[in-house]
Amino acid sequence: MFSFAPTPGQSKADLHADLLGAARALTDGEPDGIANMANIAALIWQFLPDLNWAGFYRMVDGALVLGPFVGKPACIRIAMGQGVCGAAAQSGQTQLVPDVHAFPGHIACDDASRSELVVPVLRDGVVIAVIDLDSPSPARFDDDDARGIEALAAGIAARI
Ligand code: SME
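Below: a short report on this structure. No experiment lies behind these values; they were computed from the predicted model shown.

Conventions adopted
Residues numbered from 1 in each chain as written. Predicted model: local features only at pLDDT ≥ 70, side-chain atom pairs only at ≥ 80, totals over all residues. Heavy atoms only, no water. Helix = DSSP H or I, 4+ residues; strand = E, 2+ residues; numbered from the N terminus. Rg over C-alpha atoms; globule rule 2.2 N^0.38 Å. Buried < 20%, exposed > 50% of the residue type's maximum accessible area, 1.4 Å probe, protein only. Lys, Arg positive; Asp, Glu negative; His and termini not counted. Charge placed at Lys NZ, Arg CZ, Asp CG, Glu CD. Core = buried A, V, L, I, M, F, W, Y, C linked by side-chain atoms within 4.5 Å. Contact = heavy atoms within 4.5 Å.

1. Concerning the overall build of the protein
- Within the protein one finds 4 helices and 6 strands.
- Listed by position from the N terminus, the elements making up the protein come as α-α-β-β-β-α-β-β-β-α.
- What you see for the protein is a C-alpha radius of gyration of 14 Å, in line with the 15 Å of a compact globule of 160 residues.
- Principal-axis analysis of the C-alpha atoms gives the protein an extent of 40 × 35 × 25 Å.
- Relative to its full complement of 160 residues, the protein shows a buried share of 46%.
- With 10 positive and 19 negative side-chain charges, the protein shows a spacing of 3 Å between the two charge centroids.

2. With respect to the nonpolar core
- In this structure, I44, L48, I131, L133, I149 and L152 are the most contacted members of the largest nonpolar core, which totals 28 residues.
- Only α1 (12-27), α2 (33-47), β1 (53-60), β5 (115-123), β6 (126-135) and α4 (143-156) provide two or more residues apiece to this core.
- In this structure, I149 is in contact with H16, L19, L48, L117, V119, I131 and L133, ignoring residues within four places of it in sequence.
- By size, the runner-up hydrophobic cluster in this structure holds 17 residues, among which are A74, V97, V100 and F103.

3. Quick notes on the environment of D61
- As for its placement among the helices and strands, D61 is situated in the loop between β1 and β2 (63-71).
- In this structure the C-alpha to C-alpha distance between D61 and V127, which are 66 residues apart in sequence, comes to 12 Å.

Given below as structure tokens:
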């Protein structure tokens, strides 16, 4: 049994630091990337409040393919440049979207989603995956969340 859990009342910075620490600890020494992505998605879901989807899309032959996640079933393949995930993968830049309905080309996998944060995972300067977080609340994510998930992406890039 694993007993990682957020501490009630902690600051957002501490929450993200603890999430990163839990992800590092849980994936330490495990070479299977799918298993690691599955546990990291579960940790994100456990640590971060107000999400309706959390998981990975992996770069496979030049397109994004659905990876381990928590949430409703989602679209399986996303072309480079398509949607928020494709924009993150193509640009290599974090996409912080306070209102998904205002994002041109947003792909609606879950009608409940109102805001989204997508962070590319880079290994040796190449995008190998993206971490996608959806929330039913508008403007759920801020710069602290973006920096936190970027640190998570950097911390697990060699393990997925
Ligand atoms: N909304 C994403 C698609 C993936 S789902 O949110 C899980 C996008 O526009 O790329």
